Amino acid sequence: MLGLSTLLHQPQTVVFTGMENYPRTVLELEDRFSTEEACREYLLQMRWPEGFICPRCQNHGGWTATRGRVVCGACRYQASVMAGTIFQDTHKPLRMWFRAIWHLTSQKNGASAVSLQQALGLGSYQTAWAWLHKLRRAMVRPGRDQLHGRVEVDETYIGGEDTGKGRGRYMSHKALVAVTTEEDGRNIGRIRMARIPEATRAYLHGFIRQTVEPGSLVHTDGLPAYAGLKTLGYEHKVSVLLGKADDAAVRLLPGVHRVASLLKRWLLGTHQGAVSLEHLDYYLDEFTFRFNRRRSASRGKLFYRLIQQAVQIDPIPYKSIVGGKPDHKP
Ligand SMILES: [Zn+2]
């Protein structure tokens, strides 16, 4: 890897575009990110992959100062690598954050706040919970691509069931979630999902316009709310389920049904139902992030992607996540 000084002093000649540099194993993670300096250097490269560009004067190039700051070579502005990211104002070492991100991305089904607290030896459940929520917010890239080709769209209810284990607060109210899946031969391609207040034309059309490219073939059931998709520039295939056997929905719209059942299993499994309605959106984001990368050859790639997105988004003050209250402990 090129040293940071090279990156900063010769920004015109050093280009990192396309370089996906990440640890493959936990041992590599421990070796590479054993100091705050190493973590900050990694963040610098993620944030300015083509060399430092001053946020104030747009000048290319500068030099590093202490505590992860970069000084602009032209106007002397001091930019912090953490400012404006989810790491802003953190009191904990970056080494710990990197390990949290590894813990979250290296396991197929993710991590609960309790397991993260134990893995990192965090004193408080609240900290582990807040970190997971900040990281979930980084899982959705702003302006991400829309699905295209042949897609299925459907809605499903989440929650509203008694889990029978005394976890009375688990989603005691139902939430309606719109789901769309891309067809990829006989497999499911990418997915998108979002909570909607009700299955009306306005919400379902809004969801489709947000997540699916015009010109795509949208496959739905016969719900009248889906009518009119052609006027929005989509092709529309309707499978009428009314009067057919119970398993017709699963046969005719297999992608969305498969994803809905995996989502429910994940919420009850990894998170043991400790998900409340007001936070459901973030869990949907995490599920989507994982599902769309489920065939990634290396878990390290998810680590890389999450850090890359974490330095591209706005910082999230704890209070804005929840009005101060975490979900109840499972
Ligand atoms: Zn400048």
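The structure presented is a predicted model; accordingly, all values stated were derived computationally and were not measured.

**Examining the sheet that holds strand E3 (residues 78–80)**
Sheet architecture is open: 3 strands sit in the order E1-E2-E3, paired in antiparallel fashion. Looking along the sheet, the strands with just one partner apiece sit at the ends: strand E1 (62–64) and E3. Adjacent strand axes in the sheet meet at a mean angle of 30 degrees when their direction is disregarded. As defined by bridge partners, strand E2 (residues 69–72) adjoins E3 across 3 bridges and the pair is classed as antiparallel.

**Considering helix H4 (residues 94–105)**
Between the first and last C-alpha of H4 there are 16 Å, a value that for 12 residues agrees with the 16 Å anticipated at 1.5 Å per step. Burial runs high along H4: 11 of the 12 residues are buried. Of the residues making up H4, those classed as buried are Leu 94, Met 96, Trp 97, Phe 98, Arg 99, Ala 100, Ile 101, Trp 102, His 103, Leu 104 and Thr 105. Tucked inside the fold, the buried residues of H4 contact helix H2 (26–32), helix H3 (36–47), helix H5 (113–120), helix H6 (125–137), helix H10 (280–292) and helix H11 (299–310).

**So, the coordination of the zinc ion**
Summarising the metal site, the zinc ion is bound by the protein donors Cys 54 (SG), Cys 57 (SG), Cys 72 (SG) and Cys 75 (SG), whose distances to it range over 2.3 Å. The site at the zinc ion holds 4 donor atoms, and with the angles between them running 104 to 113 degrees, its shape is tetrahedral. All donors of the zinc ion come from a single chain, and their spacing in sequence reads C-x2-C-x14-C-x2-C. Residue Cys 75 is classed as partly exposed on the basis of its relative accessible area, which comes to 24%.

**Focus: the confidence of the model for the protein chain**
On average, residues of the protein chain score 83 in pLDDT, and 84% of them are at 70 or above. When pLDDT is averaged over each helix and strand of the protein chain, the minimum, 46, is found for helix H1 (residues 4–9) and the maximum, 96, for strand E7 (residues 217–221). Every residue in residues 1–18 scores below 50 in pLDDT, and together they form 36 contacts with partners more than four places removed in sequence or on other chains. With pLDDT under 50 throughout, residues 166–170 is counted as low confidence; its partners more than four residues away or in other chains account for 12 contacts.

**Notes on the packing of aromatic side chains**
Summed over all chains, the structure comprises 14 aromatic pairs. Seen from their ring centres, Phe 87 and Trp 97 are 5.3 Å apart, and the 85 degrees between their planes marks the pair as edge-to-face. Here Phe 87 is found in the loop between E3 and H4, whereas its partner Trp 97 is found in helix H4, with 10 residues between them in sequence. Just as Phe 87 is buried, Trp 97 falls in that class too. For the ring pair Phe 287 and Phe 291, a centre distance of 6.1 Å and an interplane angle of 25 degrees mean the geometry is stacked. Here the residue Phe 287 and the residue Phe 291 both occupy positions in helix H10, the gap between them amounting to 4 residues, near one helical turn. Comparing Phe 287 with Phe 291, the two get one shared label, buried. Members of the aromatic cluster, joined through ring pairs, are Phe 33, Tyr 42, Phe 98, Trp 102 and Phe 303. Here the basic side chain of Lys 174 rests over the ring of Tyr 157, its NZ or CZ set 5.0 Å away from the ring centre. Geometry around Phe 291 places Arg 294 over its ring, the cationic atom sitting 3.9 Å from the centre.

**Description of the pairing of strand E4 (residues 150–158)**
Consecutive residues of a regular strand have side chains that alternate between opposite faces of the sheet. Among the 9 residues in E4, 7 count as buried, and that is most of the element. One ladder, built from 3 bridges, connects E4 with E7; its direction is parallel. Paired with Arg 150 across the strands is Leu 217, a residue of E7.

**Remarks on the sheet that holds E4**
Across the sheet, 5 strands lie side by side as E6-E5-E4-E7-E8; this open sheet has mixed pairing. Since the sheet does not close on itself, it has two edges, and those belong to strand E6 (187–196) and strand E8 (235–239), each with one partner. Pairs of neighbouring strands in the sheet enclose a mean axial angle of 25 degrees, with direction left out of account. Where E7 and E8 come together, 5 bridges link them in parallel fashion. Considered in E8, the bridge of His 219 is made with Lys 237. Strands in contact with helix H7 (residues 201–211) are E4, strand E5 (175–184), E6 and E7; relative to E6, the strand with the most contacts, it is inclined by about 135 degrees. Each of E4, E5 and E6 is contacted by helix H9 (residues 254–269), which is oriented at about 40 degrees to E4, the strand it contacts most.

Conventions we followed
Sequence positions are assigned chain by chain, starting from 1 and proceeding in written order. The predicted nature of this model means local features are confined to residues of pLDDT at least 70 and side-chain atom pairs, given and counted, to a pLDDT of 80 or more, with totals for whole chains, interfaces and linings taken over all residues. The side-chain numbers reported here are obtained from all heavy atoms of the structure, hydrogens and water having been left aside. Two strands pair under a simple rule: DSSP has to find at least two bridges between them. Numbering of helices and strands runs from the N terminus, with a helix taken as a DSSP run of H or I at least four residues long and a strand as a DSSP run of E at least two residues long. Axis definition: a line fitted to C-alpha atoms, over the contacting stretch in the case of helices. Angles run 0 to 180 degrees between N-to-C directions. Helices are assigned an expected span. That span is 1.5 Å times one less than the residue count. Buried, partly exposed and exposed residues are distinguished by accessible area as a fraction of the type maximum, computed with a 1.4 Å probe on protein chains only: under 20%, between the cut-offs, and over 50%, respectively. It only takes one pair of heavy atoms within 4.5 Å for two residues to be counted as in contact. Donor selection uses N, O and S atoms within 2.8 Å of the metal (3.2 Å for Na, K and Ca). Since no water is included, sites may look incomplete. Geometry is assigned from donor-metal-donor angles: four donors are tetrahedral when every angle falls between 85 and 135 degrees, four are square planar and six octahedral when opposite donors sit over 155 degrees apart with all other angles between 65 and 115, and any other arrangement is irregular. Across the chain, each position has a pLDDT score giving the predictor's confidence in that residue, from 0 to 100. Aromatic rings from Phe, Tyr and Trp, taking only the six-membered ring of Trp, are treated as a pair when their centres fall within 6.5 Å; an angle between ring planes under 30 degrees marks them as stacked, one over 60 as edge-to-face, and anything in between as tilted. Criterion for a charge above a ring: Lys NZ or Arg CZ within 6 Å of the ring centre, and within 35 degrees of the ring normal.

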